[in-house]
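Coordinates in review
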Amino acid sequence: MDLLDTLTAKGLLGEVPTREEALAVLATTDDELLDVVAAAGRVRRRWFGRRVKLNYLVNLKSGLCPEDCSYCSQRLGSKAEILKYTWLKPEQAADAARAGVAGGAKRVCLVASGRGPTDRDIDRVTDTMAAIKDADPEVEICVCLGLLSDNQAERLKAAGADAYNHNLNTSENTYGSITKTHTYADRVDTVQKAHGAGLSACSGLIAGMGESDEDLVDVVFALRELGSDSVPVNFLIPFEGTPLAKEWNLTPQRCLRILAMVRFVNPDTEVRIAGGREVHLRSMQPLGLHIANSIFLGDYLTSEGQAGQTDLDMIKDAGFEVEGAGEATLPRHRADIAEAVAASSCGTTASSCGTAASACGSGGGCGPCGGHAHTPAEATAAEGTEDDELRSDLVKVRRRGAGTELAPNA
Ligand code: SF4
């Protein structure tokens, strides 16, 4: 049986490929690309049909972060000319969220820059979630506030949060080269805290930071082991003014191979095309929908996405449909696992629950802000463009929506 037949057969059964098989997906040629997409598409349709889940980002607090994540436009010392503002008021955040929900988003992602929340910040987010759920009780809320201290996940769960995002971003081996102010272990700990409190774990990666194929496979298997329910796949947005501004290592073909590898390793998990979708997949975005079952609608934290209506048109034109509020995202057997973890956690109390043994998934940092670290020896082997082929014209800093007087893009 050849590679793609094997991967399809395993994926249809919900089985995970070997590490060697995952690496082989990344090594396929352009001639094989449509076959790779078709195989991943069969697995995607087995577990998620033709549904596309829409998520909507609200940046509650932008820029001015004390952490040094090299990929991030909000990092310490960033010269990127992004919007900078402190906490939005609950009504301001609820207004932005309402626009996303009206545009078809099922989940609202509340993100704030920073190392991690204070207890006062948890109070602010509690008020914001109440304002959002008052207007739309069915909306899912995912919170992304950085590293969590003891009992903060329990407080968020009790306040109505459905999920917590914390991305692992890259492999344990290379984590120290992209961030010095916190560790990979810190990130894993936060994902486990969130999962242990009964929050659905959303944790993913950033590709395009000069990492090797082995690094990508390592982080994707780590996310599977942590039990992440949702795996956002970010493609580095090389912001001017960040250390990784010249890291244009991705092609649309490379992005599709990465998405396919993530799908094969996570056959029955939500795979989301996150930041960098428009920048790197460009006209190949519809092929990405055959692999991933989830995207962000409209803009990102600090960069602008394509028009929300263009996202909706693309989904329809490609033969997919927006997932409704009443539809379950995960297949039943995955939802059962998540519910069992929630039931075994202390959930709404402030006592210490510990961590779930097989737990969830994401680690550290915030949502799809874009940026990455540079490992020169690996970058030379990376597929893609050279420094003299920069495409900074593709990066548009967000100037509308949350934190501005202009209407959100949804
Ligand atoms: S990813 Fe998050 S923690 Fe890291 S610099 Fe950006 S805002 Fe700060």
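Here the structure is a predicted model, which is why all the values come from computation and not from measurement. Within each chain, residue numbers correspond to sequence positions counted from 1 in written order. Per-residue local features of the predicted model are confined to residues with pLDDT of at least 70, and side-chain atom pairs are confined, for both listing and counting, to 80 or more; whole-chain, interface and lining totals are unaffected and use all residues. Here the side-chain values reflect all heavy atoms present in the structure, with hydrogen atoms and water set aside.

All right, on to the overall build of the protein chain then. The helix count covers DSSP runs of H or I at least four residues long, the strand count covers runs of E at least two residues long, and both are numbered beginning at the N terminus. On a plain count of helices and strands, the protein chain comes out with 15 helices and ten strands. Throughout, exposure labels follow a simple rule: accessible area from a 1.4 Å probe, protein chains only, divided by the maximum for the residue type, with under 20% read as buried, over 50% as exposed, and the rest as partly exposed. Within the span of the protein chain, comprising 410 residues, buried residues form 60% of the whole. Throughout, a contact is declared for two residues whenever any of their heavy atoms are within 4.5 Å. Taking contacts inside the protein chain between residues at least 6 apart in sequence as the whole, the part at least 24 apart equals 81%. Here the open area of atoms and residues is found with the Shrake-Rupley method and a 1.4 Å probe, where only the protein chains shown may cover a residue. Surface summary for the protein chain: the accessible area is close to 15,100 Å², and the carbon and sulfur share equals 51%.

With that out of the way, let us pick up the pairing of strand β7 (residues 230-235). On any regular strand, side chains alternate: one points to one face of the sheet, the next to the other face. Among the six residues of β7, six are classified as buried, and the element is accordingly described as predominantly covered. The alternating pattern of β7 places S230, P232 and N234 on one face and V231, V233 and F235 on the opposite face, and all of these are buried. Each pair of strands is called paired provided DSSP finds at least two bridges between the two strands. Two strands pair when backbone bridges link them, and strand β6 (residues 205-207) and β7 are joined in this way by three bridges, in the parallel orientation. By the bridge assignment for β7, A207 is matched with F235.

Counting through the fold element by element, G104 comes out in the loop between α4 (90-102) and β2 (107-112). Separated by 208 residues in sequence, G104 and L312 have C-alpha atoms that sit 8.4 Å apart.

Our focus in this paragraph is the packing of helix α9 (residues 213-226) against helix α10 (residues 252-265). Comment: axis = line fitted to C-alpha atoms, over the contacting stretch for helices; angle = value between 0 and 180 degrees taken between N-to-C directions. Their axes nearest at 10 Å, the elements α9 and α10 cross at an angle of 35°. Considering how the two elements wind past one another, α9 and α10 form a crossing that is right-handed. Contacts between α9 and α10 involve D213, L216, V217, V220, F221 and R224 from the first element and R254, I258, M261, V262 and V265 from the second. The nonpolar class holds Ala, Val, Leu, Ile, Met, Phe, Trp, Tyr, Cys and Pro. Asp, Glu, Lys and Arg form the charged class, and all remaining residues, Gly among them, are polar. A class-by-class count of the residues in the contact of α9 with α10 yields eight nonpolar, no polar and three charged. The handedness criterion is simple: a crossing whose near helix is rotated anticlockwise from the far helix by less than a right angle is left-handed, and one whose near helix is rotated clockwise is right-handed.

With that out of the way, let us pick up a negative patch on the surface. A patch is a set of surface residues, each over 30% in relative accessible area and not in a salt bridge, joined within 9 Å for like charges and within 5 Å for the nonpolar side chains Val, Leu, Ile, Met, Phe, Trp and Tyr. For salt bridges, the criterion is a side-chain nitrogen of Lys or Arg within 4 Å of an Asp or Glu carboxyl oxygen. For the purpose of charge, His is not counted, nor are the chain termini; Lys and Arg are scored as positive and Asp and Glu as negative. Lysine's charge is taken at NZ, arginine's at CZ, aspartate's at CG and glutamate's at CD. Side chains of D2, D5, D31, E32 and D35 sit close together on the surface and give a patch of like negative charge. Mapped onto the elements, E32 comes out in the loop between α2 (19-26) and α3 (33-48).

What follows is about the packing of helix α1 (residues 3-12) against α3. At a minimum axis separation of 9 Å, α1 and α3 run at an interaxial angle of 10°. With respect to their mutual orientation, α1 and α3 come out roughly parallel. Facing α1, whose interface residues are L4, L7, T8, G11 and L12, α3 presents D35, V36, A39, R42, V43, R46 and W47. Looking at the contact of α1 with α3 residue by residue, the class counts come to seven nonpolar, two polar and three charged. Angle categories are assigned with fixed cut-offs, so that under 35 degrees is roughly parallel, over 145 is roughly antiparallel, 65 to 115 is roughly perpendicular, and the rest are oblique.

In total, this model carries 25 salt bridges according to the counting rule given. One salt bridge connects E140 with R107, and the closest N-O pair in it is separated by 2.9 Å. One end of the pair, E140, is in strand β3 (residues 140-144); the other, R107, is in strand β2, and 33 residues separate them in sequence. Across the pair, exposure class does not vary: E140 and R107 are buried alike. Note that D162 and K133 form a salt bridge whose closest N and O atoms lie 3.0 Å from each other.

Here the focus is the side chain of N234. Its location among the elements puts N234 in strand β7. Counting of polar contacts relies on pairs of N or O atoms within 3.5 Å, with two restrictions inside protein: one atom must be capable of donating a hydrogen and the other of accepting it, and residues adjacent in sequence are counted only when both atoms are side-chain atoms. For N234, the side chain forms a polar contact with the main-chain nitrogen of G275, separated by 3.0 Å.

Let us look at unusual backbone geometry. Positioned with a positive phi, N151 is a non-glycine residue whose angle comes to about 75°. As for its placement among the helices and strands, N151 is situated in the loop between β3 and α6 (152-158). Classification of N151 as partly exposed rests on a relative accessible area of 29%. Of note, N169 is a non-glycine position whose phi angle comes to about 75°, a positive value. Mapped onto the secondary structure, N169 falls in the loop between β4 (163-165) and α7 (172-178). Among the residues examined, N169 registers a relative accessible area of 1% and is labelled buried.

Looking at the element boundaries, K180 is found in the loop between α7 and α8 (184-196). On a C-alpha basis, the gap between K180 and C69 in space is 7.5 Å, while along the polypeptide they are 111 residues apart. At 2.8 Å, the side chain of K180 and the backbone oxygen of G176 are in polar contact.

This paragraph deals with the nonpolar core. Counting 96 residues, the largest nonpolar core has V58, L156 and F235 as its most contacted members. Of the residues forming this core, the biggest block, nine residues, is contributed by α10. If near-sequence neighbours (up to four positions away) are discounted, L156 is found in contact with I122, V125, M129, V143, L145, L148, A161, Y164 and L199. By nonpolar core is meant a set of buried Ala, Val, Leu, Ile, Met, Phe, Trp, Tyr and Cys residues that side-chain atoms within 4.5 Å join together.

Only the six-membered ring of Trp is used, alongside the rings of Phe and Tyr, when aromatic pairs are assigned; centres must lie within 6.5 Å, and planes under 30 degrees apart are stacked while those over 60 apart are edge-to-face, with the rest tilted. The full count for this structure, using the stated rule, is two aromatic pairs. In this structure, R46 is placed above the aromatic ring of W47, and the distance from its NZ or CZ to the ring centre is 4.0 Å. Directly above the ring of F320 sits R50, whose terminal nitrogen or CZ lies 4.8 Å from the centroid. Sitting over a ring, as applied to charges here, requires NZ of Lys or CZ of Arg to be within 6 Å of the ring centre and within 35 degrees of the ring normal.

Two residues of an α-helix separated by three or four positions point the same way, owing to the 3.6 residues in each turn. Under the convention used throughout, the expected extent of a helix is 1.5 Å for every residue step, that is, one less than its residue count. Between its terminal C-alpha atoms α10 stretches 20 Å, which fits the 20 Å expected from 14 residues at 1.5 Å a residue. With 13 of its 14 residues buried, α10 lies for the most part within the structure.

This brings us to the confidence of the model for the protein chain. Averaged over all residues, the pLDDT of the protein chain is 89; the fraction at 70 or higher stands at 87%. Confidence drops under a pLDDT of 50 for residues 346-365, and excluding neighbours within four residues, the segment shows 80 contacts in the predicted structure. For every residue, the predictor states its confidence as a pLDDT score lying anywhere from 0 to 100. Note on residues 369-388: pLDDT under 50 across the span, and 60 contacts to partners over four residues away in sequence or across chains.

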